[in-house]
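Secondary and tertiary structure notes
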Amino acid sequence: MTQTMKAAVLHELRTPLKIERVPVPEPGHGDLLIKVTACGVCHSDLHAVDGDWTPLPVIPLIPGHEVAGKVAKVGPGVTGFKVGDEVGVPWMYSSCGQCEFCLAGMETICKSAEATGYTKPGGYAEYLVAPAAYVGRLPEGTDPYAMAPILCAGVTTYRGLKRTGARPGQWVAVVGIGGLGHIAIQYARAMGLRVAAVDVSKEKLDLATSLGAEIVVNGAETDPAAAIQEQIGGTHAAVVTAVAAKAFEQAVLMLRPGGTVAYIGLPGGKSDEIRASISAITNWELSVRGSNVGTRQDLNEAIAFAANGLVKATIRTAELEEINAVFEEMRKGRIVGRVVLKMA
Ligand SMILES: NC(=O)c1ccc[n+]([C@@H]2O[C@H](COP(=O)([O-])OP(=O)(O)OC[C@H]3O[C@@H](n4cnc5c(N)ncnc54)[C@H](O)[C@@H]3O)[C@@H](O)[C@H]2O)c1
Ligand SMILES: [Zn+2]
Ligand SMILES: [Zn+2]
């Protein structure tokens, strides 16, 4: 008899997830079956539910890609893992391993990559299957609830910061202090950067200050680019994790000459386009780069920062049954830090 598990399932875009019993998946060759302890709720999950991106997710869908759990079963052909090992599953479920990008250590842009909780069933469930080659190892004794957000918010902002090329002592603007942004501040500080934080909510800016941001600007009250130019002559770098196109436009204008902005947020839908000044970018030799989750090496490094206590997500736990209410709060921009689903 097939065993069943509890999961939150999307059957139709823009409808509430349904809590159901579905079969526990069977690990195939090279896979691990993982018992989920915690799964962070990333705004990307909400974009999936709302159908904000092209291509659309594979439906029916179990979302969730900030998974911390334990190996429950080792699939055929897997070496180096045993039942009980603590692991994390990121957005990057797998990549092809053979294309020019994979071979160059740029698996984040592999065109054949699969995505956990988007093209493959994710962690809003008691169990999920993931290829052993792509899961992260979580050091024993780390808090799985605080660790879950590192699997997406952590690795993504860590790579984004690296892609700006900012060096210790330089200024970085973190634009959008949500689940990703509040963790970006901590990586930036741990990397020796000085942080200017921008959001449109006072509560989030208070959190930014408590995490070490030296400058905070409320974009709902002032032009944040003008404020940052006036106070420090612009930042050397910026990472944008906001869910509003305007923030992406403003971030370019926050830079000082020669600066680099990494775009991380994905507002999608009607908010997917920006206007930028060609002359500002050309004359001041600015760089605008995209940054998409992280490689396995980025993930290992991001986990190490957290395991060493340099980065710790501000979290609130919720039950799986509360997921639709959590999404509603996220739509309204009311979540401070990250909500983590408590699966075990
Ligand atoms: N590139 C990637 O690999 C990657 C990975 C994970 C998430 N994402 C995307 O990053 C975005 C953020 O995800 P999250 O989970 O942190 O979302 P979140 O909802 O927790 O945070 C978004 C934040 O943006 C702020 N914001 C909204 N409008 C703003 C504005 N005009 N200026 C400044 N701040 C503003 C909100 O107040 C909120 O604090 C989402 O679009 C998500 O899909 C991208
Ligand atoms: Zn995510
Ligand atoms: Zn590839």
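Residues numbered from 1 in each chain as written. Chains lettered and ligands numbered in written order. Predicted model: local features only at pLDDT ≥ 70, side-chain atom pairs only at ≥ 80, totals over all residues. Heavy atoms only, no water.

A few words now on the coordination of the zinc ion (ligand 2). Ligation of the zinc ion (ligand 2) by protein atoms is provided by Cys 42 (SG), His 65 (NE2) and Cys 152 (SG), these donors lying 2.0 to 2.3 Å from the ion. Along the chain, the residues donating to the zinc ion (ligand 2) are arranged with the sequence spacing C-x22-H-x86-C. Remark: His 65 occurs in the loop between helix H1 (43-50) and strand E4 (67-74) and Cys 42 occurs in the loop between strand E3 (31-40) and H1; sequence separation between them is 23 residues. For the pair formed by Cys 42 and His 65, the shared burial category is buried. (Donors = N, O, S within 2.8 Å, 3.2 Å for Na, K, Ca; no water. Helix = DSSP H or I, 4+ residues; strand = E, 2+ residues; numbered from the N terminus. Buried < 20%, exposed > 50% of the residue type's maximum accessible area, 1.4 Å probe, protein only.)

Burial within helix H8 (residues 245-254) is extensive, with 7 of its 10 residues counted as buried. Those residues of H8 that fall on the buried side of the exposure criterion are Ala 245, Ala 247, Phe 248, Gln 250, Ala 251, Val 252 and Met 254.

For the rest of this paragraph, the subject is the site of ligand 1. Close contacts around ligand 1 come from 29 residues, with His 43, Ser 44, Asp 199, Val 293 and Arg 338 the closest. A distance of 2.7 Å separates an oxygen atom of ligand 1 from a polar atom in the side chain of His 43. Between ligand 1 and Ile 264, the relevant distance is 2.8 Å, taken from a nitrogen atom to a main-chain nitrogen or oxygen of the residue. Its free accessible area being 870 Å², ligand 1 has 92% of it covered by the protein chains. It is H1 that provides the largest number of residues to the shell around ligand 1, a total of 3 residues. The residue makeup of the shell around ligand 1, split by class, is 15 nonpolar, 11 polar and 3 charged. In terms of domain composition, the shell around ligand 1 takes at least three residues from each of domain 1 (4-152 + 294-342) and domain 2 (154-290). (Near = heavy atom within 4 Å. Polar contact = N/O pair within 3.5 Å; in protein donor to acceptor, adjacent residues only side chain to side chain. Areas by Shrake-Rupley, 256 points an atom, 1.4 Å probe, with all protein chains shown as cover. Nonpolar A, V, L, I, M, F, W, Y, C, P; charged D, E, K, R; others polar. Domains from an automatic or database assignment.)

Here we take up the side chain of Asn 218. Structurally, Asn 218 can be placed in strand E12 (residues 215-218). Classification of Asn 218 as buried rests on a relative accessible area of 12%. In contact with Asn 218, not counting residues within four places along its chain, are Asp 199, Val 200, Ser 201, Lys 202 and Leu 205. (Contact = heavy atoms within 4.5 Å.)

Time to look at the packing of helix H4 (residues 153-164) against helix H5 (residues 179-190). Interhelical geometry of H4 versus H5 gives an angle of 55° and a closest axis separation of 8 Å. In terms of axis orientation, H4 runs oblique to H5. Like other packed secondary-structure pairs, H4 and H5 cross with a definite hand, here right-handed. Here Ala 153, Gly 154, Thr 156, Thr 157, Tyr 158 and Leu 161 of H4 lie close against H5, whose contacting residues are Gly 179, Leu 180, Ile 183, Ala 184, Tyr 187 and Ala 188. In terms of residue class, the contact of H4 with H5 is built from 8 nonpolar, 4 polar and no charged. (Axes fitted to C-alpha atoms, helices over the stretch in contact; angles between N-to-C directions. Parallel < 35°, antiparallel > 145°, perpendicular 65-115°, else oblique. Left-handed = near helix turned anticlockwise from the far one by under 90°.)

This part covers the environment of Leu 138. Along the chain, the position of Leu 138 falls in the loop between strand E9 (136-137) and helix H3 (144-147). Residue Leu 138 is classed as buried on the basis of its relative accessible area of 7%. Residues Leu 138 and Val 87 lie 51 residues apart in sequence; the distance between their C-alpha atoms is 5.1 Å. Once residues within four sequence positions are removed from consideration, Leu 138 is found in contact with Ala 68, Glu 86, Val 87, Gly 88, Met 147, Leu 151 and Ile 303.

Before going further, it helps to spend a moment on the coordination of the zinc ion (ligand 3). Those donors, Cys 96 (SG), Cys 99 (SG), Cys 102 (SG) and Cys 110 (SG), are the protein atoms that reach the zinc ion (ligand 3), and they lie 2.3 to 2.4 Å from it. Coordination at the zinc ion (ligand 3) is tetrahedral: its 4 donor atoms span angles of 104 to 119° at the metal. On the accessibility criterion, Cys 102 (11% relative accessible area) is buried. You can call Cys 110 buried: its relative accessible area is 9%. (Tetrahedral: all angles 85-135°; square planar, octahedral: opposite > 155°, others 65-115°.)

Right, let's talk about empty space enclosed by the protein for a bit. Counted by the stated rule, this structure contains 1 cavity of 30 Å³ or more. Considering only enclosed or pocket space, the largest cavity measures out at about 50 Å³ in volume. As for the largest cavity, its lining consists of Pro 90, Trp 91, Met 92, Tyr 134, Leu 151, Val 155, Val 293, Gly 294, Thr 295, Arg 296 and Leu 299. Partitioning the lining of the largest cavity into residue classes produces 8 nonpolar, 2 polar and 1 charged. (1 Å grid on protein atoms, 1.4 Å probe; cavity = no way out; pocket = protein on both sides within 12 Å on 5 of 7 lines; lining within 4 Å. Points joined across faces, edges and corners; volume = space filled by probe spheres on them.)

This paragraph deals with the UniProt feature "domain: Enoyl reductase (ER)" (unreviewed entry) in the protein. Following the UniProt record, the feature "domain: Enoyl reductase (ER)" (unreviewed entry) maps to residues 14-341 here. In residues 14-341, the share of helix is 29% and the share of strand is 25%. The end C-alpha atoms are 20 Å apart. (UniProt positions renumbered as here; feature names shortened; annotations may be inferred.)

Here the distance between the centres and the angle between the planes together describe a pair of aromatic rings. Under the defined criterion, the tally for this structure stands at 8 aromatic pairs. Where Phe 248 meets Tyr 263, the ring centres are 4.8 Å apart and the plane angle is 85°; that geometry is what we call edge-to-face. Here Tyr 263 lies in strand E14 (residues 255-263) and Phe 248 lies in helix H8, a separation of 15 residues in the sequence. Given a relative accessible area of 5%, Phe 248 falls into the buried group. The exposure class of Tyr 263 is buried, given its relative accessible area of 15%. The ring of Phe 81 carries the charged tip of Arg 137 above its face, separated from the ring centre by 3.9 Å. Directly above the ring of Tyr 145 sits Lys 342, whose terminal nitrogen or CZ lies 5.8 Å from the centroid. (Phe/Tyr/Trp six-rings, centres within 6.5 Å; stacked < 30°, edge-to-face > 60°. Lys NZ or Arg CZ within 6 Å of the ring centre and 35° of its normal.)

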